[in-house]
Amino acid sequence: MVHARTTSGVLACFTMALFAFSPLRVRAEAPRFPLDVVRAFCQADGRGERVQPRTWNAIAPLVNWELEPAWDVLAVISGYQIEAPRYADDHVEIDVQYTVTQTLSAIGVDDTAYIDSVTFNLIADGAGGWRIAAPPQVPHPFANNVDVLSLRAALAPDSPTYLSASAFVWRMLIDAGWPAPYRLVRQLRDPAVFAAVSEPKPGDLALFLADNIPYHVGFVSSDGTIASATANAGLMRTSPEAFAGAVLYLRLKQPRTPSPGFAAVSPDDATPRALAPTPRSKHAPIHKPTHKPTAKKAKARSAHSATGKKTPTRLPTPKSSTSSRATPRPPAR
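What follows deals with the overall build of the protein. Within the protein one finds five helices and 13 strands. Looking at the 333 residues of the protein, the share that counts as buried comes to 49%. In the protein, of all internal contacts separated by at least 6 residues, the share reaching a separation of at least 24 is 70%. Counting only carbon and sulfur atoms, one obtains 54% of the accessible surface of the protein, whose full area is about 15,400 Å².

Structure below.
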């Protein structure tokens, strides 16, 4: 059901090529104080470690979600400002003001600068420390740690080097014979293309929302699990509860003229494998291959490997400051 190019090496090739390569990190304990947790998270996020399977262990002790969505949007920043914590009975809130210089997505580059105000909600981890609560916010890498042109190309839905959550569902629909237009995760609530349903069936989309804004998407499988693309564990089949927030189920409206050879979508037959060990046994990687690359595709892929284009390129080291603000400051939105 899924193109051969979406198999096991896809996400790893993308992240190594676009961010400064970092060695495998040993999983460290999280800082004990909320402000230090947010500071460590912002530093690691700025280095691009949230979207690198090899370095996600630096993020894991700081957050309470196990699976990072395979994002189709990134907010590139020049710096950020961490505000003072606000303590409540059972949680702590900390605001972070990000100075966004560009927004990169699968549909283009937006150079509009603005201040992105994010409130992190921290909860006790039961061991005397704190973790940032799900749902996750969009990644905020430093501008000097990103190759904009390469990243823009990799985010494209037909990219051979990266598979976002939205590209995964789009490719599944195309392979099933549905001429569905590509939509970013945030654009999937398009009533002209998808209809909201209260009782999902296999093949429907599960759209996960944070503050009523979609941030992740997957397919409903026949056993009620959700098949979706993640940044830190590849393609996984999970329970709906694996991703925080409200869930909206969408059904593709039947086109007037289905493509030749139309077949029902079947996420149970999805081909890609997980790129990393399953975080816990309740999450199952998607293994079973059903498609084989054609001779033409296999030849092209072999030629690509021979050129060495997948070799990671070291990017400039991010600024050491963890609390910087761009000057002049763009307007908030």
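What follows covers the pairing of strand β9 (residues 213-220). Most of β9 is tucked away, with seven of its eight residues classed as buried. Where strand β8 (residues 205-210) meets β9, six bridges bridge the pair, whose relative direction is antiparallel. For L205, the partnering residue across the bridge sits in β9 and is F219. Following β8, the chain reverses through two residues before pairing antiparallel with β9; D211 in that reversal takes a positive phi of roughly 55 degrees. Bridge count between β9 and strand β10 (residues 226-230): two bridges; the pairing is antiparallel. When the sheet's bridge partners are listed, V220 is paired in β10 with I226. Hairpin connection between β9 and β10: a loop of five residues separates the two successive antiparallel strands, and G224 in this loop has a positive phi of roughly 90 degrees.

Applying the stated rule across the entire model yields eight aromatic pairs. Judged by centre distance (5.3 Å) and plane angle (50 degrees), the rings of F208 and F243 are tilted. Remark: F243 occurs in the loop between β11 (234-238) and β12 (246-252) and F208 occurs in strand β8; sequence separation between them is 35 residues. Here the aromatic residues F41, W65 and F120 are joined through ring pairs into a cluster of three or more.

What follows is about the layout of surface pockets. Of the voids in this model, the largest pocket is the one considered here, and its volume is about 710 Å³. Along the wall of the largest pocket there are 29 residues; nearest its centre are V118, Q137, V138, R186 and I213. Taken together, the elements giving at least two residues each to the lining of the largest pocket come down to β1 (73-82), β3 (92-105), β5 (114-124) and β9. Ranked by residue count, the leading element in the lining of the largest pocket is β5, at seven residues. Of the residues contributing to the lining of the largest pocket, the split by class is 19 nonpolar, five polar and five charged.

Every α-helical turn comprises 3.6 residues, leaving residues that sit three or four positions apart pointing alike. Turning to helix α3 (residues 148-155), its buried residues number three or more, namely L151, A154 and L155. In a view along the axis of α3, the buried residues occupy a sector of 95 degrees, so they form one face of it.

Here the focus is the pattern of salt bridges. Under the counting rule described, the total for this entry stands at eight salt bridges. Here D36 ties to R39 by a salt bridge, and the two come within 2.8 Å at their closest N and O atoms. Placement of both D36 and R39 in helix α2 (residues 34-46) is noted, with a separation of three residues, approximately one turn of the helix. Since its relative accessible area comes to 31%, D36 is described here as partly exposed.

Glancing now at the confidence of the model for the protein. With 67% of its residues at a pLDDT of at least 70, the protein reaches an overall mean of 77. Contacts for the low-pLDDT stretch residues 258-281, under 50 throughout, to residues beyond four places or in other chains number 83 contacts. Within the model, pLDDT remains below 50 along residues 287-328, and this stretch shows 61 contacts once partners closer than five positions in the same chain are excluded.

How each quantity is defined
Residues numbered from 1 in each chain as written. Predicted model: local features only at pLDDT ≥ 70, side-chain atom pairs only at ≥ 80, totals over all residues. Heavy atoms only, no water. Helix = DSSP H or I, 4+ residues; strand = E, 2+ residues; numbered from the N terminus. Buried < 20%, exposed > 50% of the residue type's maximum accessible area, 1.4 Å probe, protein only. Contact = heavy atoms within 4.5 Å. Areas by Shrake-Rupley, 256 points an atom, 1.4 Å probe, with all protein chains shown as cover. Pairing = 2+ DSSP bridges. Phe/Tyr/Trp six-rings, centres within 6.5 Å; stacked < 30°, edge-to-face > 60°. 1 Å grid on protein atoms, 1.4 Å probe; cavity = no way out; pocket = protein on both sides within 12 Å on 5 of 7 lines; lining within 4 Å. Points joined across faces, edges and corners; volume = space filled by probe spheres on them. Nonpolar A, V, L, I, M, F, W, Y, C, P; charged D, E, K, R; others polar. Arc of directions from axis to C-beta. Salt bridge = Lys/Arg side-chain N within 4 Å of Asp/Glu carboxyl O. pLDDT = per-residue confidence, 0-100.

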